[in-house]
Amino acid sequence: MERANVWSSYNQDQIAELEATNALYKHCLDEGKTERECVKVAVRMAKEKGYQDIRDLIKNQTPVKAGDKIYAVCMDKSVSLFQIGKKPLEEGMNILGAHIDSPRIDVKQNPLYESEEFAYLDTHYYGGIKKYQWLTMPLAIHGVVAKTNGEIVDVCIGESEEDPVFAVTDLLPHLAAKQMEQKANAIIEGEKLDVIIGNRPLEGVSEDEKEAVKKNMLAILEERYGMTEEDFGAAELEIVPAGKSRDMGFDRSMVMGYGQDDRVCGFTSLFAMLDVEAGDRTTCCILVDKEEIGSVGATGMHSRFFENAIAEILALMGETADIKVRRALQNSKMLSSDVSAAYDPMFAEAFEKRSSAFFGKGLVFNKFTGSRGKSGSNDANAEYLAKIRGVMDDADVSYQFAELGKVDAGGGGTIAYIMANYGMEVIDSGVAILCMHAPWEIASKADIYEAYKGYKAFLKNM
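Below is a short write-up of the structure.

We now examine the overall build of the protein. Looking only at helices and strands, the protein features ten helices and 22 strands. In terms of C-alpha radius of gyration, the protein reaches 23 Å, essentially the compact-globule figure of 23 Å for 462 residues. Projected onto its principal axes, the C-alpha positions of the protein cover 75 × 55 × 45 Å. Relative to its 462 residues, the protein shows a buried fraction of 52%.

Right, dumping it as structure tokens:
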């Protein structure tokens, strides 16, 4: 079924709300370029709406009741928000889930070296990237340095107009005949994605002194961040594209920015969660780390941090039976929100048009993801899809159903199958984007707005 372009249906009030939603989204996207930064944004906004830290409630043994707003942070990289409903928690929740990690380049633990009077940081890319896309663009460094005295130093270099930027170099075309014969995945090797950070030797050293440029970098790091070379061993530094998200097109109908996979779903889910009033069912928003590398580790969706948070909330309600945690999870309904591949006319051969997601046609639902024979997929039940459709139709949300490209072309996964392990109803939903996993991705403002509307309707009415 072909859907109409939603832009033609908006009145002036809706356009104003759409632009306000996208302005807030771009601000959050610029402020949250790493998972740690996204959690900070989410916690700050949640506190402004009256959410309380679960750690404080546990410490003070504060009873939890209907209407309470609670957030739980896991290692500063994942966060869950809960708004307690009137019905018992064991009857289930309405859950929005998205991931806030994005493909990038990470700095290694022993990264600083000098070669031919260039200082470099050795790197290891994170997630599925086309390595050649990261060459010759201005890059920024975000992250934290944990000192042995317990101090945590925040790092953000390359985002302000006054900051320097960094770069990975490429070979000039005049000498690149052999390089141009390579397959795309071999144009640049992972070990050559090292970032140039300087070329100037330390002042006052003799010309024949070794690694004078590296010494200058260490002097700058010591002066500005109190950081030694050994401190790289306990640092998490991420290399991301420098610069802000921007309106795209003469008509300003699109947003171009870094990390829209999957922060476009993460932030719209957060906005919906913060705007919804308490109702009969408990509502929840999960923003998790590590999806791009398999949802592993303590901050990924495979971790028990979400399950543990539910157990803690039940305990604060006076309910300690483990079976109530199981029931709360099994009786929940979830939108696992991740981006979908938008149909791109320039690469039409990769898509099956009848089953593709299109710009300007609203929130995308994927009954299943996975690859080829639905491997690694959650496959939502028909009955659940019917209920979702009814909720979206009643709220006048524009939506579409799609798959991720042609059947044998590849595929992808989300956190949906992990949550489905609890027996809950889960379906994948999200925003269609162009240039997925590129340093700069593109989304439709209309689809961002419809996602926000759809997530809000789901929390209120499921």
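A word on the packing of helix 6 (residues 305-316) against helix 7 (residues 322-330). As a packed pair, helix 6 and helix 7 sit with axes 10 Å apart at the nearest point and diverge in direction by 120 degrees. Classed by the angle they form, the pair helix 6 and helix 7 counts as oblique. In the packing of helix 6 onto helix 7, the handedness of the crossing is right-handed. Contact residues: helix 6 offers Phe306, Glu307, Ile310, Ala311 and Leu314, while helix 7 offers Lys324, Val325, Arg326, Ala328 and Leu329. For the contact of helix 6 with helix 7, a count of residues per class yields seven nonpolar, no polar and three charged.

Further remarks concern the sheet that holds strand 13 (residues 282-288). An order of 1-2-3-13-4-14-20-16-18 is seen for the nine strands of this open sheet, with the pairing classed as mixed. In this open sheet, the two edge strands, each paired with only one partner strand, are strand 1 (52-53) and strand 18 (399-401). Two strands pair when backbone bridges link them, and strand 4 (residues 93-99) and strand 14 (residues 333-337) are joined in this way by four bridges, in the parallel orientation. Pairing of Leu96 across the sheet is with Leu335, part of strand 14. Of the strands in this sheet, strand 2 (69-74), strand 3 (78-83) and strand 13 touch helix 2 (residues 35-48), which is tilted by about 20 degrees from strand 3.

Quick look at the environment of Gln12 now. Relative to the elements of secondary structure, Gln12 occurs in helix 1 (residues 12-31). The exposed category is assigned to Gln12, whose relative accessible area is 65%. Note: C-alpha distance between Gln12 and Met45 (33 residues apart in sequence) is 28 Å.

Our next topic: the pairing of strand 2. Among the six residues of strand 2, five are classified as buried, and the element is accordingly described as predominantly covered. In this sheet, strand 2 lies alongside strand 1 in parallel orientation, the contact comprising two bridges. Among the inter-strand pairings, Asp53 is bridged to a residue of strand 2, identified as Tyr71. The antiparallel hairpin formed by strand 2 and strand 3 contains three residues in its connecting segment, where Met75 sits at a positive phi of about 55 degrees.

Together, Leu171, Leu172 and Leu175 line one region of the surface with nonpolar side chains, adding up to about 270 Å² of accessible area. Along the chain, Leu175 turns up in the loop between strand 8 (152-157) and strand 9 (195-198).

What follows deals with the side chain of Lys131. For Lys131, the location among the structural elements is in the loop between strand 6 (118-126) and strand 7 (139-146). At 9.0 Å, Glu189 is the nearest oppositely charged side chain to Lys131, a buried residue that forms no salt bridge. Polar contacts involving the side chain of Lys131 include one to the main-chain carbonyl oxygen of Asn185, which spans 3.4 Å. The residues contacting Lys131, other than those within four sequence positions of it, are Tyr125, Asn185, Ile188, Glu189, Gly190 and Leu193.

So, about the sheet that holds strand 21 (residues 432-434). Strands sit in the order 11-12-22-21-15 across an open sheet of five strands; the sheet is mixed. Every other strand in the sheet has two partners, leaving strand 11 (246-248) and strand 15 (340-341) as the edge strands with one partner each. Here strand 12 (residues 254-257) pairs with strand 22 (residues 441-444) via four bridges, running antiparallel. Paired with Val255 across the strands is Ala443, a residue of strand 22. Relative to the sheet, helix 5 (residues 260-275) contacts strand 12, strand 21 and strand 22, its axis offset from that of strand 22 by approximately 35 degrees.

All right, on to the environment of Ile310 then. Counting through the fold element by element, Ile310 comes out in helix 6. For Ile310, a relative accessible area of 0% puts it in the buried group. Beyond its immediate chain neighbours, meaning those up to four positions away, Ile310 contacts Phe82, Leu89, Met93, Val325, Ala328 and Leu329.

Another aspect to go through is the packing of aromatic side chains. The geometry of an aromatic ring pair is captured by the separation of the ring centres together with the interplanar angle, meaning the angle of the planes. This structure, assessed with the given rule, holds eleven aromatic pairs. Among the aromatic residues, those joined into a cluster by ring pairs are Trp7, Tyr10 and Tyr449. Here the guanidinium or amino end of Arg104 rests over the ring plane of Tyr126, the centre of that ring lying 3.7 Å away. Geometry around Phe358 places Lys361 over its ring, the cationic atom sitting 5.1 Å from the centre.

For the rest of this paragraph, the subject is the nonpolar core. Here is a general trend for soluble globular proteins: nonpolar side chains tend to be buried in one another's company. Grouped together as the largest cluster of nonpolar side chains are 59 residues, with contacts concentrated most on Val79, Leu81, Ile388, Met392 and Phe458. Of all the elements, helix 10 (residues 445-461) adds the most residues to this core, at nine residues. Contacts of Phe458, omitting those with residues within four sequence positions, involve Asn94, Ile95, Leu96, Lys333, Met334, Leu335, Tyr384, Ile388, Val391 and Met392. Membership of the second largest hydrophobic core comes to 33 residues, among which are Ala119, Val145, Val155 and Ile188.

Conventions we followed
Note on numbering: residues in each chain are counted from 1, in written sequence order. Restriction of local features to residues with pLDDT of at least 70 applies here, the model being predicted, together with a cutoff of 80 or more for giving and counting side-chain atom pairs; totals for whole chains, interfaces and linings are based on all residues. Only heavy atoms go into the side-chain values, all of them from the structure, while hydrogens and water stay out. Helix and strand definitions here come from DSSP, where helices need a minimum of 4 consecutive H or I residues and strands a minimum of 2 consecutive E residues; each element is numbered from the N-terminal end. The globule rule is 2.2 Å times the number of residues to the power 0.38, and the radius of gyration it is compared with is taken over C-alpha atoms. Accessible area is worked out with a 1.4 Å probe on protein chains only. A residue is then buried under 20% of its type maximum, exposed over 50%, and partly exposed in between. The axes used here are C-alpha line fits, helices contributing only the stretch in contact, and every angle between their N-to-C directions lies in the interval 0 to 180 degrees. Between 65 and 115 degrees an angle is taken as roughly perpendicular, under 35 as roughly parallel, over 145 as roughly antiparallel, and anywhere else as oblique. With the far helix as reference, a near helix turned anticlockwise by less than a right angle produces a left-handed crossing, and one turned clockwise produces a right-handed crossing. Between two residues, a contact is recorded if the distance between any of their heavy atoms is within 4.5 Å. Basically, the charged four are Asp, Glu, Lys and Arg, the nonpolar ten are Ala, Val, Leu, Ile, Met, Phe, Trp, Tyr, Cys and Pro, and anything else, Gly included, counts as polar. A pair of strands counts as paired when DSSP detects no fewer than two bridges linking them. Patches here are clusters of residues that have more than 30% relative accessible area and form no salt bridge, with a 9 Å joining cutoff for like charges and a 5 Å cutoff for nonpolar side chains (Val, Leu, Ile, Met, Phe, Trp, Tyr). Residue exposure ignores everything except the shown protein chains as possible cover, and the areas themselves are Shrake-Rupley values with a 1.4 Å probe. Salt bridge, as used here, is a side-chain nitrogen of Lys or Arg placed within 4 Å of a carboxyl oxygen of Asp or Glu. Under this rule, positive means Lys or Arg and negative means Asp or Glu; His and the chain ends count for nothing. Between N or O atoms, a polar contact is any pair within 3.5 Å; within protein, one atom must be a potential hydrogen donor and the other a potential acceptor, and residues adjacent in sequence are included only when both atoms are from side chains. Here a Phe, Tyr or Trp ring, Trp counted by its six-membered ring, pairs with any other such ring whose centre lies within 6.5 Å, and the pair is stacked when the planes are under 30 degrees apart, edge-to-face when over 60, and tilted otherwise. By definition, being over a ring means that NZ of Lys or CZ of Arg is both within 6 Å of the ring centre and within 35 degrees of the ring normal. Within this scheme, the nonpolar core is defined by two criteria: the residues are buried Ala, Val, Leu, Ile, Met, Phe, Trp, Tyr or Cys, and they are joined through side-chain atoms within 4.5 Å.

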